Amino acid sequence: MRERLDLRDTVWLTASVFLVAAPHVERLPSWVSLLAGMLIVWRLYLARSKRELPHRALLVVIVAGVTAGVYLQYATLFGRDAGVALIVVMLALKLLEMRTVRDATLLIFLAYFLVITNFLYSQTLPTALYMLACVWFITAGMIGINFSRAPRSVGPQLRTSGVLLLQATPLMLVLFVLFPRVEGPLWGMPTDAQRGSTGLSDTMAPGSLSQLTLSDAVAFRVAFKSPVPELRRLYWRGPVLWDYDGRTWRAPRARYARPSYNTEFYPVDYTVTVEPHGKVWLFALDLPGRLPPRALATTDFQLVSAEPVTTRVRYEMTSFLDYTYGINESEDVLQRNLALPEGYNPRTLALASRLKRQHGSDQAVMQAAFAMFGSQGFTYTLAPPRLGENSVDEFLFDTRSGFCEHYSSAFVVLMRAAGIPARVVTGYLGGETNPIGDYVIVRQADAHAWAEVWLRGRGWVRADPTAAVSPARVEQGIGATGAASALPLFMHDNPVLRRMRLTWDSVANTWNQWVLGYTAERQRTLLSRVGLDDATWRTLAGLLLAATGLIVLVLALVTLRRLRVRVHDPVSRAYLAFCAKLARRGLARDAAEGPLTYADRVTKVRPDLGTAVGDFVALYVALRYGDEPGEDNVGRLRRLARDFQP
Amino acid sequence: MSERIDKVVAQVCGVILGKELQIRLALACLLARGHLLIEDIPGVGKTTLAHSLAASLGLSFQRIQFTSDLLPADILGVSIYNRENATFQFHPGPIFTQVVLADEVNRATPKAQSALLEAMEEHQVTIDGETRRLPAPFFVIATQNPSYQVGTFPLPESQLDRFLMRIRLGYPNVEAERELLKGQDRRDLLEQLGACLRGEDLAELQHEAQQVHVSPALLDYVQAVVNHTRASAEYANGLSPRAALALLHAARAWALMEKRKHVVPEDVQAVLPGVVGHRLMSTAEGGRVNGFDMAEQLMKQVPIP
């Protein structure tokens, strides 16, 4: 191993540092990125112009400055963000005191560590692939500094590095499958994990859903075990909103129960993988027939997780699409679902009483309201005009254009005014079928609001006024509506792009399901499938060690096999057998020890064997090195070796 | 026949005390028709060894003291104009003898060194366009001071390669030195030495050495040794095919002296430090200085197949 580093090593290592630090740039404060970049450029300049590295005192000053800066920025030196910022700058500084191979080795291991820190922010497949490439590159650099002699070339260096990584693959798999899993977010920082996530909330005001519709973020993915129902039946139930203050709808305080309903008809089995959204809701088709693990159901069939969904949650679900429930709803609940704020929307109230008078039955009033939405020039738009204080009045009589939240809200107010218990249900409608991975993607853009109406003798019935205004929204998804031009590009792109997008989503989904979704629970399931129930971390650690040992053993055997020389010559074989017998008596032959020398040594230690050893070695030497071969003598040698008893 | 060699060894051992191994190596070198380089500090008996060997083998002996002003003509001889018959008459130099002791060969300039080394290789010298054969057998024992001593011109690798073996005498051990101090003057002893071999005996022994059997297994070993130096990063350059041949010749001679009809790995190992020590260079700083140690190490590293 060389002591000093040359220009090539320095450039390689500097490039390594740059590669692993690069993804952090978008998350670091700009002064940290800038400083690290400047340090890297400075190092390259010094290496190129063959100048002395800066004095230690200067580095100490920079370190003190950076530490103070990071403290001012984050008010701490610990935790993910401050820690990463410190490490990135320190790594760049370490480059500036990299003189010997020893320094370089330290730097390489720091770079490996920085690779891991990237996963604290992003665990996607592209990140993983990029980091794998980084590890490959860094390892090749490590091989480079350990080459004792020139010439070194990039090809063999990268090849050796690749082979090393390939050899490590079985080990990686074992560690992945068996390493004890931590429940919850890896670093226990839920505030970090929640940041920036979007989703439904427990309130609804005009504009809140249409805002959500502009986001192409995936809300959840669903893999159906039963045939996929028609798009118009995919009502994914989310928060149910009861209380209205004239502008905003709110969910009531949750009351949990094991809700029941009458149906066994049209069951659908599927698996849902919810992306983290920071709230407690889990989603299922109307109506869920079972509970996800560690979750409860409210009396109005919202599924509520025991803790906020800050990591991807995966659960099996069965829903019944044909149902009847709430026939015997309590009077309290019905009263509450009739309540309206006083003094708002007088024109709507008037319309309601007129409808009630004209049509009589609740059912007929509902039909009339639908007919009104379908015929009186109502339009479906993502960019509705702003509404004033009496928002429902203005919508129904003046603007007549709105989004599902306007329609559901107006419909429920109208129903309540007509004395029919009704409430708003939010959730998602439809989804995009991905034929490549055979699952349905539900995005934030599929967010929807509809209504539920309580009819005597029929219980709670779903009523979707949007269907009356814009049937396409319900039948074909939001991309098919006239509002499409306001939607993000992905909703109406061309087939090629669409196919690429779906393929990528399928790959990402597979990654999520099989790699990121491999939680403590799935580990338990997997292990119990091979007969290891209730595996504690001790069992896992034991298994891990055993499997690791086995892999290393197999690799070692494969490597050793290549080194082993196969001996075919009977004379040599007899000699090796003879030596092996003596070796068992503690008189092993040194590999570089000639037969006569060996015989002398053995005889000195064991004079009793003198004749036997002497005869054998004399014959062996004659056969192997002499020029009088003889089959008889070979036979004799073999017999001597066989009968030799040290 | 080979008993005669034992007699030679015994006789020389009587003069150079406690150096039987080196004496045997020197003899093996001679039997393998190679030239010998002795590298050591002055006063350990290099000259005495050369002298007593020549005397015991019944060979003519000349000594050339190499100095920095030595000229090729001082070694090879010179043609001088003879007035009487008006011709140039060649006066042969000290090289025209059977055993030449080239003392302190690295004190001379490269020009003088190469005059000697050409003669060693060709067994003939060309002076004034006329080629003259050297007597047979022709055997050069060169001595050199370790290169760290002042006023030396180290022999280049290509010329070192001409020597079959390089050995070191080293200090005598306590008993041998005591004996030496008590005993007679070595110069007197040398004069008393008689020849142990007759005229053609040496040529016959040299021929016999070439006939010692070498089995494929042994060639495997020699090749393993050579290949090891080529593959390992410890050696700056691997051993040449000429070195492999030298190793084989020397091992044959050694086997003959051990009264064997075939060469065994031990024979190779016995001559290995002498044969390859001056042909190996370490990649570590210092180069040739520890050539003997490197040969020892090489011997330990290569397993016998």
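Residues numbered from 1 in each chain as written. Chains lettered and ligands numbered in written order. Predicted model: local features only at pLDDT ≥ 70, side-chain atom pairs only at ≥ 80, totals over all residues. Heavy atoms only, no water.

### Focus: the interface of chain B and chain A
At step 1: Every contact between the two is made by 20 residues of chain B and, on the other side, 16 residues of chain A.
At step 2: At the junction of chain B and chain A, the tally comes to zero salt bridges.
At step 3: Summed over the shared surface of chain B and chain A, the result is six residue pairs in polar contact (both at pLDDT 80 or more).
At step 4: Taken together, the elements giving at least two residues each to the side of chain B that touches chain A come down to α10 (216-231), α12 (265-276) and α13 (291-301) of chain B. (Contact = heavy atoms within 4.5 Å. Salt bridge = Lys/Arg side-chain N within 4 Å of Asp/Glu carboxyl O. Polar contact = N/O pair within 3.5 Å; in protein donor to acceptor, adjacent residues only side chain to side chain. Helix = DSSP H or I, 4+ residues; strand = E, 2+ residues; numbered from the N terminus.)

### What to know about the confidence of the model for chain A
At step 1: Averaged over chain A, the pLDDT score is 83; the fraction of residues at 70 or greater is 92%.
At step 2: Predicted confidence for residues 187-196 of chain A stays below pLDDT 50, and this span has nine contacts to residues more than four positions away or in other chains. (pLDDT = per-residue confidence, 0-100.)

### Quick notes on the domain arrangement of chain B
Residue and element names in this part refer to chain B.
At step 1: Looking at the assigned domains, one finds that chain B contains domain 1 (2-202) and domain 2 (212-301).
At step 2: For domain 1 and domain 2, the distance between their C-alpha centroids amounts to 24 Å.
At step 3: Residue-level contacts link 22 residues of domain 1 with 24 residues of domain 2.
At step 4: Interface area lost by domain 1 to domain 2 is led by R24, D161 and R166, which between them contribute 31%.
At step 5: Taken together, domain 1 and domain 2 are joined by four salt bridges.
At step 6: The tally of links from domain 1 across to domain 2 stands at 10 residue pairs in polar contact (both at pLDDT 80 or more). (Domains from an automatic or database assignment. Buried area = accessible area lost by both parts, 1.4 Å probe.)

### Section: the packing of helix α2 (residues 20-31) of chain B against helix α3 (residues 46-57) of chain B
All names here are of chain B.
At step 1: α3 packs onto α2 with a crossing angle of 55 degrees between their chain directions and a minimal axis gap of 11 Å. The angle between α2 and α3 falls in the class oblique. For α2 against α3, the interelement crossing comes out right-handed. In this structure, α2 contributes I23, A26, L27 and L30 to the contact, and α3 contributes L49, L53 and L57.
At step 2: Of the residues contributing to the contact of α2 with α3, the split by class is seven nonpolar, no polar and no charged. (Axes fitted to C-alpha atoms, helices over the stretch in contact; angles between N-to-C directions. Parallel < 35°, antiparallel > 145°, perpendicular 65-115°, else oblique. Left-handed = near helix turned anticlockwise from the far one by under 90°. Nonpolar A, V, L, I, M, F, W, Y, C, P; charged D, E, K, R; others polar.)

### So, the packing of aromatic side chains
At step 1: For the structure shown, the criterion picks out 29 aromatic pairs over all chains.
At step 2: Taking the centre distance of 5.2 Å and the plane angle of 80 degrees together, the rings of F283 of chain A and Y428 of chain A count as edge-to-face. Taken together, the residues F283 of chain A in the loop between β7 (281-282) and β8 (284-285) and Y428 of chain A in strand β14 (residues 422-429) connect sequence positions 145 residues apart.
At step 3: Looking at F283 of chain A, the relative accessible area reads 2%, which means it is buried.
At step 4: According to the relative accessible area criterion, Y428 of chain A is buried, its value standing at 1%.
At step 5: With a centroid separation of 5.8 Å and 75 degrees between ring planes, the pair formed by F90 of chain B and F96 of chain B is classed as edge-to-face. (Phe/Tyr/Trp six-rings, centres within 6.5 Å; stacked < 30°, edge-to-face > 60°. Buried < 20%, exposed > 50% of the residue type's maximum accessible area, 1.4 Å probe, protein only.)

### Side note on a nonpolar patch on the surface
At step 1: Side chains of L550, L553, V554, L557, V558, L560 and L563 of chain A sit close together on the surface and give an oily, nonpolar patch of about 690 Å² of accessible area.
At step 2: For L550 of chain A, the position within the fold is in helix α19 (residues 537-563). (Patch = residues over 30% accessible without salt bridge, like charges linked within 9 Å, V, L, I, M, F, W, Y side chains within 5 Å. Areas by Shrake-Rupley, 256 points an atom, 1.4 Å probe, with all protein chains shown as cover.)

### Digging into the sheet that holds strand β4 (residues 243-244) of chain A
Residue and element names in this part refer to chain A.
At step 1: Strand order in the open sheet made by the three strands is β1-β5-β4, with antiparallel pairing throughout. Whereas interior strands pair on both sides, the edge strands pair on one side only; in this sheet they are β1 (203-204) and β4.
At step 2: Pairing between β4 and strand β5 (residues 249-250): two bridges, direction antiparallel. Bridge assignment links D243 to a residue of β5, and that residue is R250. (Pairing = 2+ DSSP bridges.)

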